[in-house]
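# Survey of secondary and tertiary structure
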Amino acid sequence: MNLTIIGTGYVGLVTGTCFAEMGHHVTCVDVDARKVAQLRQGKSPIFEPGLDDFLKRNIAQKRLSFSTSLADACDSGEVFFIAVGTPPDQDGSADLQHVLEVARQLGEHLKSDAIVVDKSTVPVGTARMVQETIEHHLQHRGADHRVVVVSNPEFLKEGAAINDFMKPDRIIIGTEDAHARERLAELYAPFNRNHQRLLFMGTRDAEMTKYAANAMLATKISFMNEVAHLCEALGVDVENVRLGIGSDERIGYHFIYPGCGYGGSCFPKDVRALCHMARDQGIEPGILDAVERRNQAQKERLAQKIIARYGEDLSALTFALWGLAFKPGTDDLREAPSRTLLEHLIARGARIQAYDPVAMEAAREHFPKEWFDRRHLMLAEHQYAALEGVDALILVTEWKPFRHPDLGAMARLMRQRVVFDGRNQYDPHQMRAAGFYYDAIGRSSES
Ligand code: NAD
């Protein structure tokens, strides 16, 4: 099939590349000319394991191309995927300006009948709005192409996106149209060979499914963070509690790791957008509000612990920070807990030597320039270089290379043996035996 993917972010680029890998002809369109130029040379603007190989191979075999012009892509496309961002608006609702701009352009440029597939995470009822927008612009220019808008939310995880796309737990296709259903079943057939993963439903049901999935995952995390806070107050080790409850298969081990809060471009914005949808219906989203509140509080926990130990004035202190990305396996810094921590520490005069295995370049673009200019934030060449002369190490992202550090080297490099562990990566007994003051989430800093 000839496919057009609009938006080359984490979702669009992975979608386009994986469909090309399955033999389709794919054009990826983005308004960002710099990204498109880079992609044409086979260079991925984002870090995603395995993506570079897929990208280079499919460009070389002429199945994958990039363009800044949706109008040109409309010459040959049959199925159009919308994968543009839906960032949070000021009131927490999903900002649909990019999605509706794409709909407008499709209405203006489509040359034949088309299936338009919405992969962006959008509120219930958006497929209908997209359909109406396209039809309005088609009518305006006297075109009578038949367009069907389908909801096909994406569930990939950054850091494992290629694998998730190639071997999805489920593929949700929301449409009431028999032809679109048939075409998409055909398109996704290679991903559905060993297992029945295709789920068909109405467009509104599909739109809601995506929000419910993310809200459920965020709820598990916030629940566990609240339990962790209580454990800390009661002198209980949350890691024992986690193992104890996870062994119950009704609960399971996934997504019950306490930490310094969830971030990224999805959970925070999607929980807020779902709260907004609830209020629009006159429903108070009590659970979802609490999930969001707990997460905000959790992002403050590490700073609170540091201030409790050193006081409000941190100007004489230097901290090492391990991990900037919102989770391991990605360079995405959107709503990352590292940001909240840095804001608190820098506002109190601290200096930070940070290291992240892949998010250093992104950090230079993402964080305020003055943090670098005034040397409050310095990026270290490797994880041990970040430790030189510091008063404490703060671990924010649980990248694998941070899991088994050389405690001897740490002790030699650091001015003080102090570790604040935002992801409960280390054994408190081992750390204390090595002479470290060790404070983690939901575990007493004393015992
Ligand atoms: P992103 O911000 O990384 O990328 C969006 C891209 O769309 C950008 O490159 C931007 O330049 C481009 N764009 C914006 N307007 C455009 C237009 N009019 N025409 C062409 N391109 C345009 O976004 P993302 O993280 O890939 O997310 C995309 C959507 O998928 C969002 O709704 C998100 O909630 C959802 N989603 C994201 C993930 C994830 O892990 N990132 C997972 C599942 C679903």
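In the nomenclature of an unreviewed UniProt entry, the protein corresponds to UDP-glucose 6-dehydrogenase from the organism Lujinxingia vulgaris. According to its UniProt record, the protein has this under Pathway (unreviewed entry): "Nucleotide-sugar biosynthesis; UDP-alpha-D-glucuronate biosynthesis; UDP-alpha-D-glucuronate from UDP-alpha-D-glucose: step 1/1." For the record of the protein, the UniProt heading Sequence similarities (unreviewed entry) holds the text "Belongs to the UDP-glucose/GDP-mannose dehydrogenase family."

With 25 residues, helix α12 (residues 286–310) should cover 36 Å at 1.5 Å per step; its first-to-last C-alpha distance of 36 Å lies within 8% of that length. At Arg-301, α12 shows its strongest bend, of approximately 40°. Within α12, the full set of buried residues consists of Leu-288, Val-291, Glu-292, Arg-294, Asn-295, Gln-298, Lys-299, Arg-301, Leu-302, Ala-303, Lys-305 and Ile-306. On its buried face, α12 sits against α9 (203–234), α11 (267–280), α13 (337–347), β12 (392–395), β13 (418–421) and β14 (437–440). Directly after α12, the chain includes Gly-311, whose backbone phi takes a positive value near 90°.

On to the pairing of β14, then. Strand direction decides the pairing type here: β13 and β14, joined by four bridges, are parallel. Note that in β14 the partner of Asp-421 across the bridge is Ala-440. With helix α17 (residues 428–433) bridging β13 and its parallel neighbour β14, the resulting β-α-β unit is right-handed.

Across the sheet, six strands lie side by side as β11-β10-β9-β12-β13-β14; this open sheet has parallel pairing. Both edges of this open sheet fall to β11 (377–379) and β14, since each of them pairs with a single strand only. Neighbour-to-neighbour, the strand axes of this sheet turn through a mean angle of 20°, independent of strand direction. In terms of strand pairing, strand β9 (residues 318–322) meets strand β10 (residues 351–355) through five bridges, oriented parallel. When the bridges of β10 are listed, Phe-319 appears paired with Ile-352.

Reading the values: rules and limits
- Residues numbered from 1 in each chain as written.
- Predicted model: local features only at pLDDT ≥ 70, side-chain atom pairs only at ≥ 80, totals over all residues.
- UniProt positions renumbered as here; feature names shortened; annotations may be inferred.
- Helix = DSSP H or I, 4+ residues; strand = E, 2+ residues; numbered from the N terminus.
- Expected span 1.5 Å × (residues − 1).
- Bend = angle between axes of the 7 residues up to and from the residue.
- Buried ≥ 20, exposed ≤ 12 C-beta atoms within 10 Å, placed from the backbone.
- Contact = placed C-beta atoms within 7 Å.
- Pairing = 2+ DSSP bridges.
- Right-handed = clockwise from strand over helix to strand, strands pointing away.
- Axes fitted to C-alpha atoms, helices over the stretch in contact; angles between N-to-C directions.

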